Structure formats: structure tokens, C-alpha cells
2 protein chains.
Amino acid sequence: MKKTALIMAGGKGERFWPRSRKNMPKQFLCLTGDGKTMIQQTVERILPVVSMEDIYIATNKDYKELVRQQLPELPEENILCEPVGRNTAPCIGLGAIHIQKKYEDAIMYVLPSDHLIKYKGMYVNILEDAAKVAEDGENLVTIGITPTAPEVGYGYIKFAPDKSLGRAFEVERFVEKPDLATAKKYVESEEYLWNSGMFAWKVSTILHSMEEHLPAIYAGLMRIKESFGTEDEKDVLNGVFENFPSESIDYGVMEKEEGIFVIPGTFGWDDVGSWLAVERLRPVNDSGNIVDGNAMTVDVKNCIISGQEKLIAAVGLRDLIIVDTEDATLICAKESAADIKKIVENLKICNRDKYL
Amino acid sequence: MKKTALIMAGGKGERFWPRSRKNMPKQFLCLTGDGKTMIQQTVERILPVVSMEDIYIATNKDYKELVRQQLPELPEENILCEPVGRNTAPCIGLGAIHIQKKYEDAIMYVLPSDHLIKYKGMYVNILEDAAKVAEDGENLVTIGITPTAPEVGYGYIKFAPDKSLGRAFEVERFVEKPDLATAKKYVESEEYLWNSGMFAWKVSTILHSMEEHLPAIYAGLMRIKESFGTEDEKDVLNGVFENFPSESIDYGVMEKEEGIFVIPGTFGWDDVGSWLAVERLRPVNDSGNIVDGNAMTVDVKNCIISGQEKLIAAVGLRDLIIVDTEDATLICAKESAADIKKIVENLKICNRDKYL
């Protein structure tokens, strides 16, 4: 069966401020030091499984030009612009009807644009396995990540260790981000995986599930589909999306559906959730530092310095994140990385939009 | 007797890098937040004692334009440019012969251009007292500072508590920068003052002392003086200075001379020796921070932030100095402030002159 992919690239990525901005979110940044942006890496990674012409990027119109620039080989009609963000269910539905327009049915991968994968061969292997499970009936397949710590920032998937289909396990339930005590229990039980937001299914299967569990969204998607190729196409898209509720695919479909499978993704996954992630992705030097750009250090240890042309002179520092951009410089204690969003919030409150 | 002053303004002030630069050293910076530069404050401070036309500024030719800009009311001929820096003895000698040209003899104050004084009335009072002692015979008078801590960065002056002349005490000896144990002994003895580099003497007295103790420099000065008004004036100045040894007035004259007096300067002195001094000179806010320029802070305490237009976003920081300039940003732990000079040294070694 034909394999296609929808890469979701509408995120704002505020946690990488000031490098990430409203007009340059994380998926369009190069954070790994290899000269490739997150979305470029995402596309490159799936090319052994999905042809370029079958890759769709869902994003908002502000990022269309960035997608074109960073993915010049992608057919322009494969860039699907959501008029407004309405969470993942409408976004995935939009991808599904576009794929359905091209192929009567097909395998559809749904992938985030801003995660990193270490073992790319293994990743391809797992994507292929996921397609097999998705094709074997009406299965919705998700890729789960074996927890390395009781993280409270991810949703979890409880699977049935005794109910397997190939490398996949039947999902018992999806659970929202837990508190720390609960997360610890999950990890100890060895029956939970992190929800990575990567999926595989047939277009027919996911649309069928949406028809059942999200009938209003399904109806809207059908109106959009009917308008394809007509002069009303754009107006219908705008009008329908405007009226969509904000609905995630997890809550709207996965948590309610039967016959869901999870494949443990053993390929070295990282969601690159904050500046701290850079340390996991990049080699540190002898002093424990990661230094980009024009920097000079004296007695600096375990710091992340992301500069540009301007000279960053660092003296006697420990465990800091320093990010210099054209119009803003961030200096942040590593242990306070979660507070970077407070700066972003304050900038919003103060209407200092030029820094967002 | 006529009172004149020589303000020494040739210093490079590397400790305030990156705000201070080779072409903009500390004496030309405004570090107190009142809109006046150090040299402007120095001149303003002595105007109750010395008329503007009797104030001389010794500097090097690169700073002549800065002096003119910052002190537009100073007669241009009072800006004395040393062809090359040869420490304080030749500099003071050059000032002395210029004053001698104008007045047969006069009181000559020698003052640094980059110190701060808190009690300006008391300062004037002490300058006047120093002049009286200087006039009363052939006395060389220096102003000493009562130590507040066993500083190892200053030279010390041992005085004789039982040998006073007005508010002045006879100096027993000058000592170089001590180690910490010695500095502690000095402070405990209550017989030592810091050497502030401020002096008062008659022009005739200091030239006489130089003739005795620094005969080669004295001879050179006389050649320069003879050339005044001739077409060779500039060449003689250049040639003589080039051949001068580098000699400080402390080592060359004060340590060897008899009849030296010190007046304790009780006027709230600060040599503004590093960024840390800014905390003594400027009010801190409720979080213990001193913030200039465009900054946004979240959980930042006891930091000095000196920015400009660019946004400095500081998160979770303690005890840092952050200085942002057009082409360089310094981030330095307060306890490592002395290492800022290592950055300057490294820049020199790497020939990155544009940052100096």
C-alpha cells in the first residue's frame, strides 16, 4: 500500500526563545550543529519510506515561505496551510482528505517536525512495521517511547504486554501528563510508554474514526473536500476551520477508539523540549561547554553558548545558557530554563511584539 | 600663590571592558548614572580651587579629541599630549614646565582623571590645606586614603603620627602593593594610608626634586622647555619623550625624597577599579540589581546589568556582571571580575584589535 506522511509544523516553539521566534519557530532552526534544520532532518529521515511527492507539511500560512525555502524539493501543493490552529485533530483530518484526493487509500504517517531521532535505520524499520500493523485491519498505530525517567511533561500510553501484534502491543489507554508520583508508578510498572505524537494508519481508518468520534469535524472536512478544485475552495477552508473546535487527536480519537496499537520506538528519541536538550544532542568540549558563534571564555564550565557574530566574552561562569541574537540576548541559569517562558509571557504582556 | 592642576588622563582602563575600549577609556565614561563622565567630574570638582584656564590635561594624542569634546571650556593649549606613555614622572614633568612657562612658580595639583569623590566640599578643603603645606617650604604633599580593608591592589604610605604639620603628617616611606598578610599588618598598625596618586607641590619644588633624583628626565624636560615656541618644538618633544625611561613619580621621586607630607583624604574616595565598584556608586534596586538599558529580569539578584538598546533577558541569575555593547557582550561572575583582563589579554594575543 502507498505510504504517505503528514508532518505537523505549526508549532511556535517558545522554549527556544530568543533563537526561536514567532516568525522562526523551533522546527525551522538548526539545533544540532550539522547545518540541517529540524524539519529538514524530519523529511530526510522518512525518505527511505515515503517519496518526497507523498510528504505533506501542515503548517500555518506565516510559515509557508519558510517551508518552501527549507524544503525546495517538496511540491508546493503539499504544503497545507491551516487558516487557524485548531489542535491536531483538524490538522490531521486536513492531511487525510488531501491524501485521499490523490490516492483512494494509503498509509498515512503523522509526524512532528521538531523531534530528533538518533538511530535512523531503526526508525525506518519501525515506521515500516507500523505500516504493516496499520494495514492489518483497521488499526490505529502510535509509536511510544520507553521512558528513561518519570517525566511529567509527556502523556503516557498504557499497553498490554501480553497482547502483541508483531512488534506492536495493544493499547489499554492513553493518559494525560501525570504528576511526579504517578509518573514514577508508571515507569516502575513497565507497562507505560511516552506518547511521542507519531502515528501510522490508513487514511480510511482515521477518517472512519473521526466520523464516529468527531462527527462535526468530519462533516467540516467533507465540506472542504467537496470544495477542492472549485473557486470556493479557499473560503470554505477558512470558514470551516474558523468554526472547528480545538481538538487533539489523542483526546478526540485515540482515547475513545478500540483497536489501537503502540510500537515501542527504540530509535533514540528526543523532543528537544528546551535549551537543555542541546546538551544531549551536541558534543560538549573539555570544559563541558557547547559553544557556537564568536565566543571567548575564561574559566567557564558546563555552559551552553549560542552566539553569532557579536563577541560573547564569558568569565567565571557555571551552568548557564547564553543565547545571543540580533536584537535580544538571553542569559539563563540552566536550572531556570523552564522560566524562559516567563520572559516570553512578559514580552506579550508588555506588547513588546518585536522580540517575540 | 596661584593654584594650577595637572589631570592625568592617559590611562587605558581595561578593567571596564567592554564598555571601556582603547579609544574610549574609563576616564571618558559615565559610570555614575548622573550623565557626567569621570574626567568631567574631576574638572568640576576642582573648579572651586583652580580656574579652568589653569587646569591642564595630560593625555595621549588619541584622546585629545575626546578631551576637547568632553571639556569644551578648557583652553586647547592646556591639553598636553604625551608622544608616548612613559609613566607618571615624565608626564608630571611635562605639566610642570608648561605651568612654569605661564607662571614663574605656582601650586601644582596632580590628580587622576578617573577617581570618584563623595564629599566634594571636604575634598576642596583638603586640596586647600595641601596647598598650604606645599607652600610652607619645599614640601611634596600627597593625599592618602584611610584604608577600609587590607587591599592588595594599592601602594601604601607609612606616616609618622607624631610629626604633623597642620592636617598633614610626615611620610616615613612609600611601599609597593603588599601581599595580603602585610596589608593586614599595615591596616592594624593604623600608621598606613593608601597611596591615591593625588599630589600637591610647588612647580619649583617638584622640578628641583626631579633635577636631583631623575637628572636625565630633568635634562630632557629642560630641552623641551627651551624649544617652546620654536619650530622644533614638536620634534624635540617627540625625540625627548621617546628616549625617556618609564619612571613613576612614586618610585623616582617620592620614595627617595625627604620632607614629604601626607594628608588623610577623608572625602569618600573610590578609584572605581572594576565593574564591582559600580555597586558602591549606584543605588541598587529591591533585588540588589543595578540595571541600565533595555533589560527584562526573572528571578535575578545582585547583578549588574549594563545594556543599551538590545534586550537583555536575564533568568535565574545571581552575582553576575552583564555588559552589552555594540559588538561585544561580557558575562562575568562578580567574583571573577579580576579575570576580565584575561579576556583583554587574549584579544591582544589573537590580534582581535577591533574589540580592544
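Everything discussed here concerns the structure shown above.
Worth saying up front: this structure is predicted, and the values here are computed from it rather than measured.

Residues and elements named next belong to chain B. For the structure on display, the rule yields two cavities of 30 Å³ or more. Taken as a whole, the largest cavity encloses approximately 40 Å³ of empty space. If you go around the largest cavity, the residues you meet are Thr42, Arg45, Leu111, Pro112, His115, Ile117, Tyr123 and Met198. Among the secondary structure elements, those contributing two or more residues to the lining of the largest cavity are helix 1 (38–46) and strand 4 (107–112).

The next subject is the sheet that holds strand 12 (residues 290–292) of chain B. In space, the six strands of this open sheet follow the order 13(A)-15(A)-17(B)-16(B)-14(B)-12(B), with mixed pairing throughout. Two strands lie at the open edges of the sheet, namely strand 13 (295–298) of chain A together with strand 12 of chain B, each paired on one side alone. In this sheet, neighbouring strand axes are inclined to one another by 5° on average, regardless of whether the strands run parallel or antiparallel. With three bridges connecting them, strand 14 (residues 304–306) of chain B and strand 16 (residues 320–324) of chain B associate as parallel partners.

The next thing to look at is the packing of aromatic side chains. Scanning the model with the defined rule gives 22 aromatic pairs over all chains in all. Note on Trp194 of chain B and Trp269 of chain B: the rings are 6.0 Å apart at their centroids and 55° apart in plane angle, and the pair reads as tilted. Taken together, the positions of Trp194 of chain B in strand 9 (residues 192–202) and Trp269 of chain B in strand 11 (residues 269–270) put the pair 75 residues apart, joining distant regions of the chain. For the residue pair Trp194 of chain B and Trp269 of chain B, the accessibility class agrees, reading buried in each case. Put simply, the rings of Tyr154, Trp194 and Trp269 of chain A touch in pairs and so form one group of aromatic residues. Above the face of the Tyr123 of chain A ring, Arg45 of chain A is positioned so that its terminal group lies 5.4 Å from the ring centre.

Expressed as a screw transformation, the operator carrying chain A onto chain B has a rotation angle of 178° and an axial translation of 0.3 Å, and the superposed copies differ by an RMSD of 0.2 Å. The relationship between the two copies is best expressed as a two-fold rotation axis. Proximity to the rotation axis, assessed at the C-alpha, singles out Ile331 of chain A in chain A; its C-alpha lies 4.1 Å from the axis. Both copies present the same face, since 100% of the interface residues in chain A are matched by interface residues at the equivalent positions in chain B.

Moving on, we come to the interface of chain A and chain B. Bring the parts together and some accessible area is lost; that lost area is often taken as the interface size. In this assembly, 35 residues from chain A lie in contact with 35 residues from chain B. Both faces considered, chain A and chain B share a buried interface measuring about 2,700 Å² in area, 65% of it formed by carbon and sulfur atoms. If you sort the residues of chain A by the area they bury against chain B, Met296, Lys310 and Ile331 of chain A come out on top, with a joint share of 24%. Connecting chain A to chain B are two salt bridges. As a salt-bridge pair, Lys310 of chain A and Asp324 of chain B come within 2.7 Å of each other at their nearest N and O atoms. On the surface where chain A and chain B come into contact, there are 20 residue pairs in polar contact (both at pLDDT 80 or more). Those elements that place two or more of their residues in the side of chain A that touches chain B are strand 13, strand 15 (311–315), strand 16 (320–324), strand 17 (328–333) and helix 11 (340–349) of chain A. Of all the elements, strand 17 of chain A adds the most residues to the side of chain A that touches chain B, at six residues. Looking at side-chain class alone, the side of chain A that touches chain B contains 21 nonpolar, six polar and eight charged residues. Pairing of strand 15 of chain A with strand 17 (residues 328–333) of chain B involves five bridges; the strand directions are parallel. Bridging across to strand 17 of chain B, Ala314 of chain A finds its partner in Ile331 of chain B.

Overall, mixed pairing links the six strands, which are arranged 12(A)-14(A)-16(A)-17(A)-15(B)-13(B) in an open sheet. Looking at which strands have only one partner, the edges of the open sheet turn out to be strand 12 (290–292) of chain A together with strand 13 (295–298) of chain B. Averaged over neighbouring strand pairs, the angle between their axes works out to 5° when direction is ignored. Of the pairings in the sheet, the one linking strand 16 of chain A to strand 17 of chain A comprises five bridges and is antiparallel in character. Bridging from a neighbouring strand, Val323 of chain A pairs with Leu330 of chain A of strand 17 of chain A. Against the sheet, helix 11 of chain A engages strand 17 of chain A together with strand 13 and strand 15 (311–315) of chain B, with an angle of about 130° to strand 13 of chain B.

The next point concerns the environment of Lys36 of chain B. Residue and element names in this part refer to chain B. Tracing the sequence through the fold places Lys36 in the loop between strand 1 (3–8) and helix 1. Through-space distance from the C-alpha of Lys36 to that of Gln70 is 9.1 Å; in sequence the pair is 34 residues apart. Beyond its immediate sequence surroundings of up to four residues, Lys36 is in contact with Leu29, Cys30, Gln41 and Glu44. A polar side-chain atom of Lys36 sits 3.3 Å from a polar atom in the side chain of Glu44.

Before going further, it helps to examine unusual backbone geometry. Residue and element names in this part refer to chain A. Of the consecutive residues Trp17 and Pro18, the connecting peptide bond is found in the cis state with omega at 5°. The residue Pro18 is located in the loop between strand 1 (3–8) and helix 1 (38–46) in this model. Positive phi, normally seen in glycine, also occurs at Asp319, with a value near 55°. Mapped onto the fold, Asp319 is located in the loop between strand 15 and strand 16. Asp319 gets classed as partly exposed once you look at its relative accessible area, which sits at 38%.

The next thing to look at is helix 11 of chain A. Residue and element names in this part refer to chain A. Listing the buried residues of helix 11 in full gives Ile340, Ile343, Val344 and Leu347. Taken end-on, helix 11 shows its buried residues confined to a sector of 100°, consistent with a single buried face. Phi turns positive, to about 55°, at Asn351, one or two residues after helix 11.

It is worth spelling out the pairing of strand 4 (residues 107–112) of chain A at this point. Residue and element names in this part refer to chain A. In terms of burial, strand 4 is largely enclosed, as six of its six residues are buried. What you see with strand 4 is no split at all: Ile107, Tyr109 and Leu111 on one side and Met108, Val110 and Pro112 on the other are buried throughout. When strand 1 meets strand 4, the two strands line up parallel, connected through six bridges. Bridging from a neighbouring strand, Met8 pairs with Pro112 of strand 4. Inspection of the sheet shows strand 4 paired to strand 9 (residues 192–202) by four bridges, in the antiparallel sense. Pairing of Tyr109 across the sheet is with Ala200, part of strand 9.

Our focus in this paragraph is the packing of helix 7 (residues 215–227) of chain A against helix 8 (residues 233–243) of chain A. Residue and element names in this part refer to chain A. The contact between helix 7 and helix 8 brings their axes to 8 Å, and the two run at 170°. With respect to each other, helix 7 and helix 8 are oriented roughly antiparallel. Within the contact between the two elements, helix 7 uses Gly220, Arg223, Ile224 and Ser227 and helix 8 uses Glu233, Val236, Leu237, Val240 and Phe241. Partitioning the contact of helix 7 with helix 8 into residue classes produces five nonpolar, two polar and two charged.

Scoring rules and cut-offs
- Residues numbered from 1 in each chain as written.
- Chains lettered and ligands numbered in written order.
- Predicted model: local features only at pLDDT ≥ 70, side-chain atom pairs only at ≥ 80, totals over all residues.
- Heavy atoms only, no water.
- 1 Å grid on protein atoms, 1.4 Å probe; cavity = no way out; pocket = protein on both sides within 12 Å on 5 of 7 lines; lining within 4 Å.
- Points joined across faces, edges and corners; volume = space filled by probe spheres on them.
- Helix = DSSP H or I, 4+ residues; strand = E, 2+ residues; numbered from the N terminus.
- Pairing = 2+ DSSP bridges.
- Axes fitted to C-alpha atoms, helices over the stretch in contact; angles between N-to-C directions.
- Phe/Tyr/Trp six-rings, centres within 6.5 Å; stacked < 30°, edge-to-face > 60°.
- Buried < 20%, exposed > 50% of the residue type's maximum accessible area, 1.4 Å probe, protein only.
- Lys NZ or Arg CZ within 6 Å of the ring centre and 35° of its normal.
- Least-squares fit on C-alpha atoms with pLDDT ≥ 70 in both.
- Contact = heavy atoms within 4.5 Å.
- Buried area = accessible area lost by both parts, 1.4 Å probe.
- Salt bridge = Lys/Arg side-chain N within 4 Å of Asp/Glu carboxyl O.
- Polar contact = N/O pair within 3.5 Å; in protein donor to acceptor, adjacent residues only side chain to side chain.
- Nonpolar A, V, L, I, M, F, W, Y, C, P; charged D, E, K, R; others polar.
- Arc of directions from axis to C-beta.
- Parallel < 35°, antiparallel > 145°, perpendicular 65-115°, else oblique.

Read these as geometric descriptors, not functional statements.
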